[in-house]
Amino acid sequence: MARNGVPSPSSFLFRFSRFSLVALSAVGLALVTGCGDGGGDDGDGGAGSGRKPVVVVTTTWEGAFARAAGAENVTVIVPRSVHHAPDHDPKPSDLVAVAKADFVLYAPFEPYAAKIKEAAGSSAKLVEVDLDNDPDKVRAEVDRLAGLFGTREAAGRWKAAFDTEYAKLNKDLRAAWPDGKSPVVVSQVFTTWAAKLAGTDPAGTYGPDPVTPARLAELSAGKPDLVLDNAHMSTGTVLPGSGAKQVAIVNYPGDDLDLLAVYRGAAAELRKAMGGS
């Protein structure tokens, strides 16, 4: 089942099965032997280890959460050019990175992370990350990861900057409401955080399953001003003929792993759609 812009991992798992886990494990063992243990004073790399954790993440989204939580040594496995993480085939360089990691971060729709870890012969801790850009969930997840990494102070600084930036963007978007009225918004289920950023609650949601004609009619009947589409799962115009402006919302950060840039980008698109500059 698709989640947050990424389809079922079945296609990846099928391709992964083409590899021999025995062969990959042998490569991983050689990498571990050649690169050292990559561990720290306590082999954990988290709180109390006295050093900064080495973190490997599947995508830039997990990477941005790790960076926000205070991790500095972050390696991304799946290139941003790969729109669907489960389509990525593991490479020897992936095994090198995982073999040296203290933590491997992945999302629930990416169960192959465990296979990569096993093939690399790594003792890294697998950490499942709840990828959601809702601000409350972001703060909670950053806190949780910081607790694992032993980086609460750095995470606290990031959250303070996040709160300041988020409040400013929210204020600016409210000021851009047409005629001072909250726009009527329809949102894809994984972009509702952007409606919240604009200071409004979605009048309706759609996806990730295909939208039925009846649901389309229902959503159009609400006379929405904006349709917030998930750029990673877009199927084209969502409500043709409704007159609503469709806004592409990007969930994934760039290679700089700056999660705040995702909010700035969404705010810029929303402001443009509402007639602002």
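Our structure's up above, just so we're on the same page.
Residues numbered from 1 in each chain as written. Predicted model: local features only at pLDDT ≥ 70, side-chain atom pairs only at ≥ 80, totals over all residues. Heavy atoms only, no water.

Enquirer: Mind laying out helix H10 (residues 259-273), listing which residues take part and the relevant values?
Expert: Look at H10: 22 Å from first C-alpha to last across 15 residues, which is about the 21 Å you get at 1.5 Å a residue. Among the residues making up H10, those that are buried are Leu259, Leu260, Val262, Tyr263, Ala266, Ala267, Leu270 and Ala273. Down the axis of H10, the smallest arc covering the buried residues is 150 degrees, so these residues share one side. Two or three places before Leu260, at the start of H10, stands the capping residue Asp258, its side-chain oxygen 3.1 Å from that residue's backbone nitrogen. (Helix = DSSP H or I, 4+ residues; strand = E, 2+ residues; numbered from the N terminus. Expected span 1.5 Å × (residues − 1). Buried < 20%, exposed > 50% of the residue type's maximum accessible area, 1.4 Å probe, protein only. Arc of directions from axis to C-beta. Polar contact = N/O pair within 3.5 Å; in protein donor to acceptor, adjacent residues only side chain to side chain.)

Enquirer: Any details on the sheet that holds strand E8 (residues 245-249)? Residues and values, ideally.
Expert: Overall, parallel pairing links the four strands, which are arranged E6-E5-E7-E8 in an open sheet. Looking at strand neighbours, the two that pair on one side only are strand E6 (204-206) and E8, the edges of this open sheet. Across the sheet, the mean angle from the axis of one strand to that of its neighbour is 20 degrees, orientation sign disregarded. Strand direction decides the pairing type here: strand E5 (residues 185-188) and E6, joined by three bridges, are parallel. Within the sheet, the bridge partner assigned to Val186 lies in E6 and is Gly204. Where helix H9 (residues 213-221) meets the sheet, its contacts fall on E5 and E6, and the angle it forms with E6 comes to roughly 150 degrees. Strands strand E7 (226-230) and E8 of the sheet are contacted by H10, whose axis makes an angle of about 170 degrees with E8. (Pairing = 2+ DSSP bridges. Axes fitted to C-alpha atoms, helices over the stretch in contact; angles between N-to-C directions. Contact = heavy atoms within 4.5 Å.)

Enquirer: Can you lay out the pairing of E5 for me, pointing to particular residues and giving the numbers?
Expert: Of the two faces of E5, the one lined by Val185 and Ser187 and the one lined by Val186 and Gln188 are each fully buried. Crossover connection from E5 via helix H8 (residues 192-197) to parallel E6: handedness right-handed. (Right-handed = clockwise from strand over helix to strand, strands pointing away.)

Enquirer: For the pairing of strand E3 (residues 103-106), give the residues involved together with the corresponding values.
Expert: Residue alternation in E3 divides its side chains into two sets, Phe103 and Leu105 and Val104 and Tyr106, and both sets are buried. Bridging between strand E1 (residues 54-57) and E3 involves three bridges; their strand directions are parallel. Paired with Val56 across the bridge in E3 is Val104.

Enquirer: So, the nonpolar core: which residues are in play, and what are the values?
Expert: One finds Val55, Leu105, Phe149, Leu228 and Leu259 to be the most contacted residues of the largest nonpolar core, which totals 51 residues. If you tally residues by element for this core, the top one is H10, at eight residues. Setting aside anything within four residues of it in sequence, one finds Leu228 in contact with Val185, Val186, Ser187, Gln188, Thr191, Ala194, Ala195, Tyr206, Val247, Ile249 and Leu270. Judged by nonpolar contacts, the second largest core, of 16 residues, contains Val56, Val78, Ala99 and Val104. (Core = buried A, V, L, I, M, F, W, Y, C linked by side-chain atoms within 4.5 Å.)

Enquirer: Before we move on, can you summarise the side chain of Glu141 with the specific residues and values?
Expert: In this fold, Glu141 is placed in helix H6 (residues 135-149). At a separation of 2.9 Å, a polar atom in the side chain of Glu141 contacts the main-chain amide nitrogen of Asp130. Contacts of Glu141, omitting those with residues within four sequence positions, involve Phe65, Glu128, Val129 and Asp130.

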